[in-house]
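Letter by letter, the chains look like this.
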Amino acid sequence: MFQRKKKRPRIRKTMSGLIALTLLSSLVLPSVAGAEPMEPSRVQFTDVSVQAGQSVHVPVTLKQPDYSAVTAYNMQIDYDSSVLEIVRITPKYVGGNFPSIVENNESNFHYKIDNKAGWVRIIWADLTAGEHPVPVEQQLFDIEVRAKNNAAPGTKKLTVNREDAEHWSFTNVDYENYTELSGGTITITAANSGGDNSGSTPTPNPGNSSGGGGGSVSPTSPVLTPVPSTPAVTKGVDIYVNGQKQEQSATATTSTVNNQVTTTVHVDNDKVINQIGSGLRTLLLPITGTGKGAVVGELNGKLVKTMEGSNAEVVIQTDSGTYTLPANQIQVDQVLNQFGSTVPLEDITIQIAISPSATSKQTAIQAAADKLQNTTVVATPVDFEVKAIWNGQQVNVDRFNSYVERSITLPEGVDGSKITTGVVLQPDGSLLHVPTKVIKGNVQDSAIINSLTNSTYALIYHPATFSDVSSHWSRDDVQDLASRLIVQGTGANVFAPDRSITRAEFTAVLLRGLGLHSPRSTEAASFTDVKNGSWYEDEVQTAVSYGLISGYADDSFRPNSEISRAEALTIVSRAMKLVGLAQADASETTSLLSTYSDSAKVQAWAAEPVASAIKQELVQGADGKLMSDADISRAQSAAIVKRLLAKAGLI
């Protein structure tokens, strides 16, 4: 039971209307008041971790018995305002056609934040007389919490005084005594400690996107240099330029910081530039023998700019993994703009780091795997990070314009066939697929991960089977994608392979396959029929930001309409550009389509996309027909997405 808090000041008058609606709903909406429930409803605040000075998202979910139906709720969440502040509340379920909410705007969802007193009040009521209650299991809203810059490492808790009906009440679930609450622990870590930033969500600078917003760097932040706990040891090391050894062209300094052994390789930038002229293709920094320690490669902006002009790449090779980063993806000009265009490039330090994930991240990954069930975490999770430093300021390079390859080396004796995919740890503590393929080695296997972002990555074994595809033509494709967390069943051990798929569902599957889990720009998508709080809202926003979908002339997306083969292939053809697959030109389009008896039925807008899919062998047709206007099935969708990823070399 939570401790009783002292009374908070009453909410301003703008809250009164919805408070009245909340209280009224308990009288006029269907309820089971007075009946003792067989099991309680449960509200879950996700436990998260965040660096001081960063923000993190805390999903709030409700799980209730299938005979319950929440038609209104009211909660006041308290927090320590000396170290935490609430940035915003984002509704995830509003019900019916009601809009999403901003503070002090009348609707059926309302919130008020008081960062001075340390509380936020959230109120929701179904104003449709019970037609849109909260589903049995549903995320209610998202809390964005920021740890203040002066926040000391430790744990804080989001709490609710459930003994006070003004602070905690749920209508139609037998009320507060039978609604349990769990979670809400926020673990605060030191800013830029290099050890743990799980859950932090640095905000990209939308003004610095290039190539249509594909890559981005984060705003500058102060650099906090931790004090080594062991004396630093420096020695000369060899690096390789275009495969040729460059003796004593770098030094390696090893020390222990925050119980983490870190080896930093300082490249002799001028020496490398003088040796390579304009012919640089690959700069390899092989740093082995460090075991589970962190490795940081350091170059300056001048060398990176020289490499960018040669389309060169830098490779950091360690015992735990390898990071292959094209110099043009560091976007040194954008970095320079953050610091100031007059800053000399040679004064900017570029750090490329590979390090084992902190204990708190490993714990979060294991907890997420346990929730997935039938899931094993294989090997130690690894962090990949790129940052630029100048004059005590730091810029994170965390998004790229094209897929960047990194690998995780498996421990000796670990069989690569027991890996189904790589996953990325999300701020809400969930695990999502990233394109992964396993490479067999003579001694140790490795998993190659391609991603458009930097983050914390883990490898999992998640075998999946479905009873209704055991003899279906799509069995291998469906079960492979299910083991990668790309597709899901429709029920217990059931996939429904021949059922049609909607436009929203197809978009979500394609995004999961490509490993696109958040928008690459902050520009909001605007469709008249994509409701705030819908399950597909974020997917649509992400797909629009990557240019995969555009909707109809009437500004609708029609998310719940079944998608045709031509429409699906149009979206896939746009994804082909993202993964670097060649598309059909005008002459190829005519030739490729002509081999099918119903090619005349392919509408002009779909001709090139359909021909491109044929060119890359993503579709083959049936009985000599393309059937472009026919609905695409769940099985066909899985097959096309798998072929796309395989053709691009991502899996």
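Residues numbered from 1 in each chain as written. Predicted model: local features only at pLDDT ≥ 70, side-chain atom pairs only at ≥ 80, totals over all residues. Heavy atoms only, no water.

## A short note on a negative patch on the surface
Keep this limit in mind: Patch rule: a residue counts if its relative accessible area is over 30% and it has no salt bridge; like charges are joined within 9 Å, and nonpolar side chains (Val, Leu, Ile, Met, Phe, Trp, Tyr) within 5 Å. In this description, accessible areas are obtained by the Shrake-Rupley approach with a 1.4 Å probe, and a residue is regarded as covered only by the protein chains that are shown. Salt bridge, as used here, is a side-chain nitrogen of Lys or Arg placed within 4 Å of a carboxyl oxygen of Asp or Glu. Counted as positive: Lys and Arg. Counted as negative: Asp and Glu, with His and the chain ends omitted from the count. Just so you know, the charge point we use is NZ for Lys, CZ for Arg, CG for Asp and CD for Glu. A run of H or I in DSSP becomes a helix once it reaches four residues, and a run of E becomes a strand once it reaches two; helices and strands are each numbered from the N terminus. Relative accessibility thresholds used throughout: buried, under 20% of the residue-type maximum; exposed, over 50%; partly exposed, between the two (1.4 Å probe, protein chains only).
Side chains of Asp268, Asp270, Glu346 and Asp347 sit close together on the surface and give a patch of like negative charge. Looking at where Asp347 falls in the secondary structure, it is placed in the loop between α4 (332–339) and β22 (349–356). Exposure remark for Asp347: the relative accessible area of 42% places this residue in the partly exposed category.

## A few points about the confidence of the model for the protein chain
As a reminder, the rule being used: pLDDT runs from 0 to 100 and stands for how confident the predictor is about each residue.
Taken over all residues, the pLDDT of the protein chain has a mean of 83, while the share at 70 or more is 83%. Per-element confidence in the protein chain ranges from a low mean pLDDT of 44 for helix α1 (residues 16–28) to a high of 97 for helix α12 (residues 634–647).

## Here we look at the sheet that holds strand β11 (residues 179–183)
We apply this condition: Two strands are said to pair when DSSP picks up at least two bridges between them. In this analysis, axes come from line fits to C-alpha atoms, helices being fitted only over the stretch in contact, and the angle between any two N-to-C directions falls in the range 0 to 180 degrees.
What the five strands build is an open sheet, ordered β5-β8-β3-β1-β11; its pairing is mixed. Here the strands that pair on one side only, and so sit at the sheet edges, are β5 (84–91) and β11. Along the sheet, successive strands turn relative to each other by an average axial angle of 20 degrees, direction set aside.

## Quick word on the packing of aromatic side chains
Spelled out, the test is: Stacked, edge-to-face and tilted are the three classes for Phe, Tyr and Trp ring pairs, Trp counted by its six-membered ring, which pair at centre distances within 6.5 Å; planes under 30 degrees apart are stacked, over 60 edge-to-face, the rest tilted. Whether a charge lies above a ring is judged from NZ of Lys or CZ of Arg, which has to be within 6 Å of the ring centre and within 35 degrees of the ring normal.
The full count for this structure, using the stated rule, is 12 aromatic pairs. Joined through ring pairs, the aromatic side chains of Tyr73, Tyr93, Phe109, Trp124, Phe141, Trp168 and Phe170 make up one cluster. When the ring centre of Tyr552 is taken as origin, the NZ or CZ atom of Arg558, which lies over that ring, is 3.6 Å away.

## Focus on the side chain of Asp445
Defined as follows: Each polar contact in these results corresponds to two N or O atoms within 3.5 Å; when the atoms are within protein, one needs to be able to donate a hydrogen and the other to accept it, and residues that are neighboring in sequence are counted only if both atoms are side-chain atoms. In this description, contact between two residues means that some pair of their heavy atoms is separated by no more than 4.5 Å.
You can see Asp445 is positioned in the loop between β27 (436–439) and β28 (446–453). By relative accessible area, which is 6% here, Asp445 ends up buried. One polar contact links Asp445 to Lys440, side chain to side chain, over a distance of 2.9 Å. Residues within four places of Asp445 in sequence aside, it is in contact with Thr409, Leu410, Val414, Asp415, Gly416, Ile439 and Lys440.

## Topic: the packing of helix α7 (residues 503–514) against helix α8 (residues 537–545)
Note the cut-off: A clockwise turn of the near helix away from the far one marks a right-handed crossing, whereas an anticlockwise turn of less than a right angle marks a left-handed crossing. Each residue gets one label: Ala, Val, Leu, Ile, Met, Phe, Trp, Tyr, Cys and Pro are nonpolar, Asp, Glu, Lys and Arg are charged, and the others, such as Gly, are polar.
Remark: α7 packs on α8, axes separated minimally by 10 Å, with the N-to-C direction vectors making an angle of 65 degrees. Crossing geometry of α7 relative to α8 is assigned as left-handed. Taking contact as the criterion, the partners of Thr507, Ala508 and Leu511 in α7 are, on α8, Glu539, Thr542 and Ala543. In terms of residue class, the contact of α7 with α8 is built from three nonpolar, two polar and one charged.

## Quick word on unusual backbone geometry
Although it is not a glycine, Leu485 sits at a positive phi angle of roughly 70 degrees. Position of Leu485 among the secondary structure elements: in the loop between α6 (475–483) and α7. The class for Leu485 is buried, based on a relative accessible area of 15%. Although it is not a glycine, Glu617 adopts a positive phi angle of roughly 60 degrees. Position of Glu617 relative to the elements: it lies in the loop between α11 (604–615) and α12. Glu617 sits in the exposed class, given a relative accessible area of 54%.

## Remarks on the sheet that holds strand β6 (residues 109–114)
Two strands in a sheet stick together by hydrogen bonds in their backbones, pointing the same way (parallel) or opposite ways (antiparallel). Spatially, four strands are ordered β6-β7-β4-β10 in an open sheet, and the strand pairing comes out antiparallel. The sheet is open, and its two borders are formed by β6 and β10 (168–171), each paired with just one other strand. Averaged over all pairs of adjacent strands, the angle between strand axes in this sheet comes to 10 degrees, irrespective of strand direction. Pairing geometry for strand β4 (residues 72–78) and strand β7 (residues 119–125), over seven bridges, is antiparallel. In the strand pairing of β7, Gln76 is matched with Arg121.

## Things to note about the pairing of strand β12 (residues 185–189)
Sheet analysis places strand β2 (residues 48–51) next to β12, joined by four bridges and oriented parallel. Residue pairing in the sheet places Gln51 in a bridge with Thr189 of β12. Pairing geometry for strand β9 (residues 154–157) and β12, over four bridges, is antiparallel. Paired with Thr155 across the bridge in β12 is Thr187.

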